[in-house]
Amino acid sequence: MKKIIFYLSFLAVAIGLISQIEKDKEYPIYPDPELTPGAVMSVSKNEVCVPGYAKLARDVSKKDREAVFERYGIDFNQPRGAYEVDHFIPLALGGSNAVENLWPQPRNPEPGFPDKDKLEFYLWRFVCADGISLDVAQEEIRADWVKAFEKYLGDKLGALDEFVPCEEGCP
């Protein structure tokens, strides 16, 4: 009887792990490094720190967005707000519009794209205040954006109401 309970317990744990692996594949919090290694434009800190720079630099067509979803094997027709085509290295930090820098980032599970957006904005302000170099900010994102979030924003995961967006001088 003990063997049966042991095997059933083992089976339950194995099924749980497989389910989590499948969920992580379906809703990754990191881009696939083979598909989205990250790419940057040749820009300086002074250029990215001009308010409105990222808005002017953004150039991703619907065709490009569809291609990004296709590369990841995800249907482009998702419920509004479920995903965003994210610049892995953010435009505000000199990231490129190249497909190698784009991925379909889910809102959920947390941390999702709203959390990464908060980190991007924080790092942009930090770079522009000379608190960190542009190269270091880019590498923090590339190396592990979730660890960077924890390092710089700590417990603000998911707390959108507590994170006040800029009123002037947004990236």
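From a predicted model like this one, the values you see are computed outputs, not experimental measurements.

So, how was this worked out
- Residues numbered from 1 in each chain as written.
- Predicted model: local features only at pLDDT ≥ 70, side-chain atom pairs only at ≥ 80, totals over all residues.
- Heavy atoms only, no water.
- Helix = DSSP H or I, 4+ residues; strand = E, 2+ residues; numbered from the N terminus.
- Buried < 20%, exposed > 50% of the residue type's maximum accessible area, 1.4 Å probe, protein only.
- Core = buried A, V, L, I, M, F, W, Y, C linked by side-chain atoms within 4.5 Å.
- Contact = heavy atoms within 4.5 Å.
- Disulfide = S-S within 2.5 Å.
- Polar contact = N/O pair within 3.5 Å; in protein donor to acceptor, adjacent residues only side chain to side chain.
- pLDDT = per-residue confidence, 0-100.
- Phe/Tyr/Trp six-rings, centres within 6.5 Å; stacked < 30°, edge-to-face > 60°.
- Pairing = 2+ DSSP bridges.

Before going further, it helps to spend a moment on the overall build of the protein chain. Across its full length, the protein chain carries six helices and two strands. The order of α-helices and β-strands along the protein chain, N terminus first, is α-α-α-α-β-β-α-α. A total of 171 residues make up the protein chain; the buried ones form 37% of that total.

Looking now at the nonpolar core. In this structure, Leu93, Leu119, Val127, Ile141 and Tyr152 are the most contacted members of the largest nonpolar core, which totals 34 residues. Counting only elements with at least two residues in this core, the list comes to α3 (53-57), α4 (62-71), β1 (83-87), β2 (102-106), α5 (113-128) and α6 (134-153). When residues no more than four places from it in sequence are discounted, the contact partners of Ile141 are Phe88, Ile89, Pro90, Leu93, Lys116, Leu119 and Leu123.

This part takes up the state of the cysteines. For the structure shown, the criterion picks out one disulfide. In this model, Cys49 is linked to Cys128 through a disulfide, with the two sulfur atoms separated by 2.0 Å. As the torsion about the S-S bond is roughly -95°, the Cys49-Cys128 disulfide counts as left-handed. Highlighted residues: Cys49 in the loop between α2 (45-48) and α3 and Cys128 in helix α5, separated in sequence by 79 residues. With a relative accessible area of 18%, Cys49 lands in the buried category.

On to the side chain of Asn101. Inspection of the secondary structure puts Asn101 in the loop between β1 and β2. On the basis of relative accessible area, Asn101 is assigned to the buried category, the value being 0%. Side-chain polar atoms of Asn101 contact the backbone oxygen of Ser96, separated by 2.8 Å. Asn101 has contacts with Thr36, Gly38, Ala39, Asp86, His87, Phe88, Ile89, Gly95 and Ser96, leaving out every residue within four places of it along the chain.

The next subject is the confidence of the model for the protein chain. Mean pLDDT over the protein chain: 82, with 74% of residues reaching 70 or higher. The low-confidence segment residues 12-25, where pLDDT is below 50, has zero contacts with residues more than four positions distant or belonging to other chains.

All right, on to the packing of aromatic side chains then. In total, this model carries six aromatic pairs according to the counting rule given. With a centroid separation of 5.6 Å and an interplanar angle of 70°, the aromatic rings of Phe69 and Tyr83 are classed as edge-to-face. Here the residue Phe69 occupies a position in helix α4, and Tyr83 occupies one in strand β1, the gap between them amounting to 14 residues. There is no split in this pair, since Phe69 and Tyr83 are both buried. What links up through ring pairs into an aromatic cluster is the set Phe69, Phe76 and Tyr83.

Glancing now at the pairing of β1. Along β1, four of the five residues are buried, which leaves the element largely enclosed by surrounding structure. Here β1 pairs with β2 via five bridges, running antiparallel. The residue bridging Tyr83 from the neighbouring strand is Pro106, located in β2.

Note that Trp124 resides in helix α5. Note on Trp124: relative accessible area 6%, which makes it buried. Remark: the alpha-carbon pair of Trp124 and Ala137, spanning 13 residues in sequence, is separated by 8.2 Å.

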